[in-house]
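# Geometric and topological summary
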Amino acid sequence: MTKYKNRGGKKPKMKGRFTVILITTIFLSCLAYATPASAAPIDVVINEIMQNPSAVADANGEWFELFNAGSSGVDINGWTIQDNGFDTHLINNGGPLVIPAGGYLVLGNNADSGTNGGVTVDYSYGSSWYLGNSGDEIVLLNGTLNEVDRVEYDGGATFPDPSGASMALSNPALDNNIGGNWCTASTPYGDGDLGTPGTANDCVPPPEPPVPTPAVPSMTLWGMFATVAVLGLLLVYMQLRKRNAY
Ligand SMILES: [Ca+2]
Ligand SMILES: [Ca+2]
Ligand SMILES: [Ca+2]
Ligand SMILES: [Ca+2]
C-alpha cells in the first residue's frame, strides 16, 4: 500500500486541481484570442468628387459621394471630414446618417437642389468646407477620429482634372488614392453638369490599345534592280526582233 508523505497519508488532490485550473485558463485564453474583439472593418469609400461644377458656382454646387462596400449600414453621424490644410467639419445630422449596405450618400455644400445644379444632397456640410479645383484632399475620420478613407487629388498630374464633370472612381474596390483609378464622369445630371450623385459611377473602361498591323514588306533594292534588269532585257530582245524583221 502506497503511503503519501502529506498529512494523514492521503492522496494529494491539490496538484490535480491546479492542472485542471491551468488547462481551463489556457483554453479560455485561446478562445479569447480566437474571437475578434472588434466588429468588421468599415468599408466606406470616397467614390466620386465634384470639385469644380460649371452649371452653378462652386460655392453652391460642390459635392462628393460615399459608397458603403460593406454588408451592413454605417452611421456616419459624428464623423469628421477634413483636408490636409484647414478644412474640418464635424458631421452633425441631428440623428443617424446611415449609408446603407451597398448604397451611396452624397455630401455637399448646399442641399437646395434648386440652386446646387440639381443634386440630391443627403447632408450639407455648409459653406466653410471647400473642394479645391486643383489639388485638395478629402479625409474621412470616424467618431473616434480614426481615419477611414482618404483621397488626395492632384489637379491633373495623375488624377483627372475636369470642370463641369465629376471625378469618378472606376471601381469601389480599387485604391482610391491612386489617380489612375479615377475617370471623368460622362452622364448629365440636374442642370447639365456630368456626374452620378447617389448612383453607381459611369467610368468607361479605357480603350484597348491598338493592335499593331504587320508592316507590308517594301520592295528591296535587289528586287527593284532585278525588275529593271528584266524589263531592260525584254526591251533589248524586242528591239532585236524588230530589227531582224526588216
Ligand atoms: Ca471647387
Ligand atoms: Ca467651377
Ligand atoms: Ca479643402
Ligand atoms: Ca456616383
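Thresholds applied
Residues numbered from 1 in each chain as written. Chains lettered and ligands numbered in written order. Predicted model: local features only at pLDDT ≥ 70, side-chain atom pairs only at ≥ 80, totals over all residues. Helix = DSSP H or I, 4+ residues; strand = E, 2+ residues; numbered from the N terminus. Buried ≥ 20, exposed ≤ 12 C-beta atoms within 10 Å, placed from the backbone. Contact = placed C-beta atoms within 7 Å. Core = buried A, V, L, I, M, F, W, Y, C linked by C-beta atoms within 7 Å. Pairing = 2+ DSSP bridges. Axes fitted to C-alpha atoms, helices over the stretch in contact; angles between N-to-C directions. pLDDT = per-residue confidence, 0-100.

## Structural notes on the overall build of the protein chain
The helix and strand inventory of the protein chain stands at three helices and twelve strands. Taken over 246 residues, the protein chain has a buried fraction of 24%. The contacts in the protein chain between residues at least 6 apart in sequence include a share of 55% that link residues at least 24 apart.

## Quick notes on the nonpolar core
Within the largest apolar cluster, 36 residues are counted, with the highest numbers of intra-cluster contacts made by Ile 49, Phe 64 and Leu 66. Element by element, the count of residues in this core is highest for strand β1 (residues 44-50), at five residues. Ignoring sequence-local partners within four residues, the contact set of Phe 64 consists of Ile 46, Glu 48, Ile 49, Met 50, Leu 107, Leu 131 and Ile 138.

## Structural notes on the sheet that holds strand β11 (residues 167-169)
The six strands are arranged β8-β7-β2-β1-β11-β12 in an open sheet whose pairing can be described as mixed. A strand with exactly one partner marks an edge of an open sheet, and here the two such strands are β8 (123-124) and β12 (182-184).

## Side note on the sheet that holds strand β5 (residues 88-90)
Taken in spatial order, the four strands of this open sheet run β5-β4-β9-β10, and their pairing is antiparallel. One side of each edge strand has no neighbouring strand; the edge strands of this open sheet are β5 and β10 (147-154). Taking the axes of each pair of neighbouring strands and ignoring which way they run, one obtains an average angle of 10 degrees across the sheet. Direction of pairing for strand β4 (residues 80-82) relative to strand β9 (residues 135-141): antiparallel, over a ladder of three bridges. Note that in β9 the partner of Ile 81 across the bridge is Leu 140.

## Considerations on unusual backbone geometry
Glycine aside, residues mostly have negative phi angles, and peptide bonds mostly take the trans form. A positive phi angle, near 65 degrees, is found at Leu 145, a position not held by glycine. By secondary structure assignment, the location of Leu 145 is in the loop between β9 and β10.

## Remarks on the pairing of strand β2 (residues 63-68)
Counting buried residues along β2, six of its six residues qualify, which places the element largely inside the surrounding structure. Burial along β2 is two-sided: the face carrying Trp 63, Glu 65 and Phe 67 and the face carrying Phe 64, Leu 66 and Asn 68 are both buried. Strand direction decides the pairing type here: β1 and β2, joined by six bridges, are antiparallel. Looking at β2, one finds that Ile 49 is bridged to Phe 64. With five bridges joining them, β2 and strand β7 (residues 104-108) adopt antiparallel strand pairing. Bridged to Phe 64 within β7 is Leu 107.

## Section: the confidence of the model for the protein chain
Averaged over every residue, the pLDDT of the protein chain is 85; residues scoring 70 or more account for 75%. Note that residues 1-8 has pLDDT below 50 and, in this model, six contacts with residues that lie over four places away or in other chains. The model gives residues 30-39 a pLDDT under 50, and that stretch makes zero contacts with residues more than four places away or in other chains.

## Things to note about the environment of Ala 200
With respect to the helices and strands, the residue Ala 200 is situated in the loop between β12 and α3 (221-245). Measuring from C-alpha to C-alpha, the distance between Ala 200 and Asn 171 comes to 9.3 Å, with 29 residues separating the pair along the chain.

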